[in-house]
Amino acid sequence: MRNYKMLIEYDGSRYYGWQRQPEHETIQGKLEKVLSLMCQEEVEVIGAGRTDAGVHARGMTANASMHTDLTVEEICAYLNRYLPDDIAVKEVREASPRFHARYNAMGKTYHYTCYDGDVKPVFDRKYVNRLEEKPDLEKMRQAAELLKGEHDFRNFCVNPRKKKSTVRYVDKIDIVRKGDYITFIFHGNGFLQNMVRIMVGTLLEVGCGRMTCQQVAEVLETKERQKAGPTAPAQGLCLMTVDY
């Protein structure tokens with residue numbers, strides 16, 4: 001049995017996220033189904049993280065231990081032949097037996113894209129959050145500085161009462177405009193469930209004048225999740241890279 005590392009991209013629009021679910025279509029479920037058919041035995045795929053329903057990825061990393069005589073090129077070709085058109089495997093490599101896509105990950109980069117133009121973004125509608133107003137980028141950048149560094153992000157998590165540590169280190173938050181598109185770029189050593197989307201929702205509240213930087217600072221200290229901004233819609237979020 002050999003351990004294989006895979007680099008995967010997908011359009012998450014019609015999936016219930018990464019994690020396998022018996023009654024719903026998921027990315028992990030699709031990959032495991034194809035690999036299990038290829039190997040004629042059950043194969044478990046381990047992802048670097050668990051993207052939520054509707055979230056996309058350009059650089060998800062996963063690994064799977066399998067019995068197969070196929071080369072890595074043949075495994076990659078098999079996957080791309082039988083996976084649906086909204087999931088692609090960009091690369092397959094043989095990895096160390098000890099490599100674990102989730103536990104060995106050192107950092108992740110996410111992009112979140114908003115659109116604030118006057119005309120509907122017809123062809124990008126599944127990949128952007130369309131805004132009804134134009135936010136102030138400078139105010140959002142000032143608030144983003146408060147979120148950088150090591151903090152307890154329990155109030156930027158969909159489940160703030162989780163038992164595991166909610167402390168994370170975020171070393172990069174850039175906010176870039178290109179025409180009618182605004183991209184939030186996040187890099188950190190890890191992110192809690194919905195954390196990026198709640199940070200975006202909070203920064204947009206600041207940019208639209210409904211929150212102040214002082215209130216953002218207070219959210220990091222308070223134990224009340226409702227004081228943070230809303231959770232931004234899933235379709236604007238994309239996992240770009242995973243660091244090892």
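Criteria and cut-off values
Residues numbered from 1 in each chain as written. Predicted model: local features only at pLDDT ≥ 70, side-chain atom pairs only at ≥ 80, totals over all residues. Heavy atoms only, no water. Helix = DSSP H or I, 4+ residues; strand = E, 2+ residues; numbered from the N terminus. Rg over C-alpha atoms; globule rule 2.2 N^0.38 Å. Contact = heavy atoms within 4.5 Å. Areas by Shrake-Rupley, 256 points an atom, 1.4 Å probe, with all protein chains shown as cover. Buried < 20%, exposed > 50% of the residue type's maximum accessible area, 1.4 Å probe, protein only. Lys, Arg positive; Asp, Glu negative; His and termini not counted. Salt bridge = Lys/Arg side-chain N within 4 Å of Asp/Glu carboxyl O. Polar contact = N/O pair within 3.5 Å; in protein donor to acceptor, adjacent residues only side chain to side chain. Core = buried A, V, L, I, M, F, W, Y, C linked by side-chain atoms within 4.5 Å. Arc of directions from axis to C-beta. Pairing = 2+ DSSP bridges. Axes fitted to C-alpha atoms, helices over the stretch in contact; angles between N-to-C directions. Parallel < 35°, antiparallel > 145°, perpendicular 65-115°, else oblique. Left-handed = near helix turned anticlockwise from the far one by under 90°. Nonpolar A, V, L, I, M, F, W, Y, C, P; charged D, E, K, R; others polar.

J.: Teacher, can you tell me more about the overall build of the protein here?
T.: Along its length, the protein carries five helices and 10 strands. Radius of gyration (C-alpha) of the protein: 19 Å, near the 18 Å computed for a compact globule of 244 residues. Its C-alpha atoms give the protein principal-axis dimensions of roughly 60 × 40 × 30 Å. Considering only intrachain contacts with a sequence separation of at least 6, the fraction spanning at least 24 residues in the protein is 71%. Just so you have it, the protein exposes about 13,000 Å², and 47% of that area is on carbon and sulfur atoms.

J.: For this particular structure, what's the right way to read the side chain of Arg 168?
T.: Assignment of secondary structure puts Arg 168 in strand E8 (residues 167-178). The side chain of Arg 168 is buried and forms no salt bridge, while Asp 152, the nearest opposite charge, is found at 7.8 Å. A polar contact is formed between the side chain of Arg 168 and the backbone oxygen of Ser 165, at a distance of 3.1 Å.

J.: Teacher, can you tell me more about the environment of Ser 165 here?
T.: Residue position: Ser 165 is located in the loop between strand E7 (149-152) and E8. Given a relative accessible area of 47%, Ser 165 falls into the partly exposed group. A polar contact is formed between the side chain of Ser 165 and the backbone nitrogen of Val 167, at a distance of 3.2 Å.

J.: Looking at this structure, I do not really get the nonpolar core. What am I missing?
T.: Soluble globular proteins: nonpolar side chains tend toward being buried together. Grouped together as the largest cluster of nonpolar side chains are 68 residues, with contacts concentrated most on Met 6, Ile 8, Leu 35, Leu 79, Phe 156, Phe 184 and Leu 203. Looking at this core element by element, the count peaks at eight residues for helix H4 (residues 195-207). Excluding residues that lie within four positions of it along the chain, Leu 35 makes contacts with Met 6, Val 43, Val 45, Ala 64, Met 66, Ile 75 and Leu 79.

J.: Is there a simple way to think about helix H3 (residues 137-147) in this case?
T.: Since the α-helix packs 3.6 residues into each turn, any two residues three or four apart lie on the same face. Those residues of H3 that sit buried are Leu 137, Met 140, Ala 143, Ala 144 and Leu 147. Down the axis of H3, the sector holding all buried residues measures 120°, keeping them to one side. Those residues of H3 hidden inside the fold are in contact with E7, E8, strand E9 (181-188), H4 and helix H5 (213-221). Between a side-chain oxygen at the N-terminus of H3 and the backbone nitrogen of Glu 138 the separation is 3.0 Å; the capping residue is Asp 136. Where H3 ends, the next residue or the one after it, Gly 149, has phi of about 100°, a positive value.

J.: For this particular structure, what's the right way to read the pairing of E9?
T.: Successive residues of a regular strand alternate their side chains across the two faces of the sheet. Most of E9 is tucked away: seven of the eight residues are buried. Where strand E5 (residues 107-115) lies against E9, eight bridges are found, and the strand directions are antiparallel. Bridging from a neighbouring strand, Thr 109 pairs with His 187 of E9. Here eight bridges tie E8 to E9, and the two strands are oriented antiparallel to one another.

J.: What should I look at first to understand unusual backbone geometry in this one?
T.: For residues besides glycine, phi is generally negative; the peptide bonds are generally trans as well. In this structure, Gln 40 is a non-glycine residue whose phi angle is positive, near 60°. Mapped onto the elements of the fold, Gln 40 is located in the loop between helix H1 (27-39) and strand E2 (46-47). Residue Gln 40 is classed as exposed on the basis of its relative accessible area, which comes to 67%. Unusually for a residue other than glycine, Asn 194 sits at a positive phi of about 70°. Along the polypeptide, Asn 194 turns up in the loop between E9 and H4. Asn 194 sits in the buried class, given a relative accessible area of 13%.

J.: How do you make sense of the packing of H3 against H4 when you look at a structure like this?
T.: Any two packed helices are characterised by how steeply their axes cross, that is the angle between the axes, and by the distance between the axes. Two elements in contact, H3 and H4, have axes separated by 8 Å at closest approach and are oriented at 140°. By the angle between their axes, H3 is oblique relative to H4. Regarding H3 and H4, the two cross each other, and that crossing is right-handed. When H3 is examined against H4, the residues Lys 139, Met 140, Ala 143, Ala 144 and Leu 147 are found in contact with a partner set consisting of Met 199, Leu 203, Leu 204, Val 206 and Gly 207. Split by residue class, the contact of H3 with H4 holds eight nonpolar, one polar and one charged.

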